[in-house]
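This is what each chain is made of:
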Amino acid sequence: MNSPLDLLDRPAPTAPADLTLRRGAARVLIDNWTGASTVPSRTLYPHQWSWDSAFVAIGLRHLSVRRAQRELESLLAAQWADGRVPHIVFNPALPHDAYFPSPDFWRSSTAGRTAGAPSSVETSGIVQPPVHALAAWLVHRADPAESRRRGFLARVRPRLAAWHDYLLGRRDLGGGGLAAVVHPWEPGMDNSPSWDRALKRVEPSPPDTFRRADLDHGHPADRPTDLDYGRYVRLATEYREAGYDDRAVRHRFAVEDPAFNALLIVSELALAAMARELGLPGQRHTERAAGLTRALVDRLWDEQAGLFRVRDLHTGAPVDERTVSGLIPLLVPRLPEHIVRRLHTTLTGARFSAPATHLVPSYDLTGHAFDPTRYWRGPAWFNTAWLIERGLRTHGFQTDAERLRTGFLTEAGRSGFAEYVDPATGAACGTRRFSWTAALTLDLLSTDPKEAGS
């Protein structure tokens, strides 16, 4: 395993002006490494998070392919027998009050026993977006010889396939071929305005029944409200009491999210590529990606709005909010051409164009619920910028992709690798020295733009 000094000094194909930024990003990942995985933040998020680790691996591959592999393998080691990859893997060395909801809230090893939760490690019971197969494929491509020598793909591919099987089997709650999410934390965009109406159906847990650890390290004006947090706790409690059984629980929150399913499509294509690399048939994954793409368009595309909508499975209706989730399907390589054009028009229009930073706000700049600093209700996030930059290159919008890449790198460096920023001013919000911001900075500095969309 490389030493921290080796990781900082490893040569990289970057211009001299970028070397300081690269070293700063590498230092964040070194400092947030625990020995087996990378925490998003030493203060606000002190455990291992699922989609964070996928983004971290994408950046780590430019420092140490071995460490990037280990990042993903440590997460997948906590996979449940039913295939789900939990959204948090808890570090047993930390006290329970380091983060809430804590291990003694989720009780995965007992409440989740029937669903196949591991007994050797405590996790949450919900999931996050399936970026993992894409990450694993990119890690493999960074050094195919090392990957083959260690049997990396042969080890992770069956686990990733089981993860997708869970989403496409247990989570097709709408019966239309898309994976549903059953908690606002699952799509990763925790308090997006897209969830507001559905959450009103949920009676919040009383505030005296839990203590928010996030407010110890984050400003209340940037975080979800106490009312929303009470609803998050209620939903998680009901899921736990049903043994995390998707067939037994009555999900009072169930939606189909465009970004979640777009990432599933891209990761299915990555699984197909892995299968071919291993000499196995990949047609099943290619066909599933095509079916998911058709379902995404049929169920979630809104031609008039020019983006994809969330669908509330309780009402069967699309949610009348415009968020960055509806733009992320630009990642999907075989979208109908007219949809690609409309997405591009929406992305570059007044609702999502922030000229001062060139980043993409998480919510419509002209929307009724826009807030430039509150979690997922307007701020620009670096992981969504990375996904959209990749989508722009996938469909040949190189000029726009380069503008977004430049904005990303500028704001990441200027903000101290912040969790997210005000899209208009670039003011840093949330925690600093955030791992996926640093990791994706490394990726954009190190990846040839001509290959980024491939």
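So, how was this worked out
Residues numbered from 1 in each chain as written. Predicted model: local features only at pLDDT ≥ 70, side-chain atom pairs only at ≥ 80, totals over all residues. Heavy atoms only, no water. Pairing = 2+ DSSP bridges. Helix = DSSP H or I, 4+ residues; strand = E, 2+ residues; numbered from the N terminus. Buried < 20%, exposed > 50% of the residue type's maximum accessible area, 1.4 Å probe, protein only. Salt bridge = Lys/Arg side-chain N within 4 Å of Asp/Glu carboxyl O. Axes fitted to C-alpha atoms, helices over the stretch in contact; angles between N-to-C directions. Left-handed = near helix turned anticlockwise from the far one by under 90°. Contact = heavy atoms within 4.5 Å. Nonpolar A, V, L, I, M, F, W, Y, C, P; charged D, E, K, R; others polar. 1 Å grid on protein atoms, 1.4 Å probe; cavity = no way out; pocket = protein on both sides within 12 Å on 5 of 7 lines; lining within 4 Å. Points joined across faces, edges and corners; volume = space filled by probe spheres on them.

S.K.: Could you give an account of the sheet that holds strand β7 (residues 311-312), with specific residues and numbers?
M.R.: With antiparallel pairing, the 4 strands of this open sheet are ordered in space as β3-β4-β7-β8. Each edge of the open sheet is held by one strand with a lone partner, namely β3 (180-181) and β8 (317-318). In this structure, β7 lies alongside β8, joined through 2 bridges in antiparallel fashion. Counted as the bridge partner of Arg311 is Pro318 from β8.

S.K.: Which residues make up the sheet that holds strand β10 (residues 420-421), and what values do they have?
M.R.: Sheet strands pair via backbone hydrogen bonds, and the direction of the pair is either parallel or antiparallel. The strand order across the open sheet formed by 3 strands is β9-β10-β11, and the pairing between neighbours is antiparallel. A single partner strand is all that each edge strand has here, and the edge strands are β9 (380-381) and β11 (428-429).

S.K.: Describe unusual backbone geometry, listing the residues and the values that go with them.
M.R.: A cis amide bond, omega 0 degrees, links Phe100 with the succeeding residue Pro101. When you line up the elements, Pro101 lands in the loop between β2 (88-89) and α5 (103-106). A positive phi is found at Trp376, a non-glycine position, where the angle reads about 60 degrees. With respect to the helices and strands, Trp376 occurs in the loop between α14 (337-347) and β9. Looking at Trp376, the relative accessible area reads 2%, which means it is buried.

S.K.: How would you explain the pattern of salt bridges if you had to name every residue and give the values?
M.R.: On inspection of all chains with the given rule, the structure shows 30 salt bridges. In this structure, the salt-bridge partner of Arg433 is Asp31, at a minimum N-O distance of 2.6 Å. Taken together, the residues span a long stretch of sequence, with Arg433 in the loop between β11 and α17 (435-446) and Asp31 in helix α2 (residues 19-31) at a distance of 402 residues. For Asp31, a relative accessible area of 32% puts it in the partly exposed group. Residues joined in a network through salt bridges with shared partners are Asp82, Arg84, Arg171, Glu186 and Asp246.

S.K.: So what's going on with the packing of helix α9 (residues 152-169) against helix α12 (residues 258-277)? Which residues, and what values?
M.R.: In a pair of packed helices, the angle between the axes and the distance between the axes together describe the arrangement. Two elements in contact, α9 and α12, have axes separated by 10 Å at closest approach and are oriented at 145 degrees. Judged by the twist between their axes, the crossing of α9 over α12 is left-handed. Two secondary-structure elements touch here, α9 through Leu153, Arg157, Leu160, Ala161, His164, Leu167 and Leu168 and α12 through Phe260, Leu264, Ser267, Glu268, Leu271, Met274, Ala275 and Glu277. Along the lines of polarity and charge, the residues of the contact of α9 with α12 split into 10 nonpolar, 2 polar and 3 charged.

S.K.: Give me empty space enclosed by the protein: which residues, what numbers.
M.R.: A full pass over the atoms with the stated rule returns 3 cavities of 30 Å³ or more. Roughly 220 Å³ of internal volume is contained in the largest cavity. Lining of the largest cavity is provided by 21 residues; of these, Tyr45, Trp49, Gln128, Asp190 and Tyr375 occupy positions nearest its centre. Among the secondary structure elements, those contributing two or more residues to the lining of the largest cavity are α3 (50-60) and α11 (226-241). Its residues assigned to classes, the lining of the largest cavity comprises 14 nonpolar, 3 polar and 4 charged. Taken as a whole, the second largest cavity spans an internal volume of roughly 70 Å³. Along its surface, the second largest cavity is lined by Ile126, Val182, His183, Leu235, Ala236, Glu238, Tyr239, Val249, Arg250, His251 and Arg252. Considered class by class, the residues forming the lining of the second largest cavity number 6 nonpolar, 2 polar and 3 charged.

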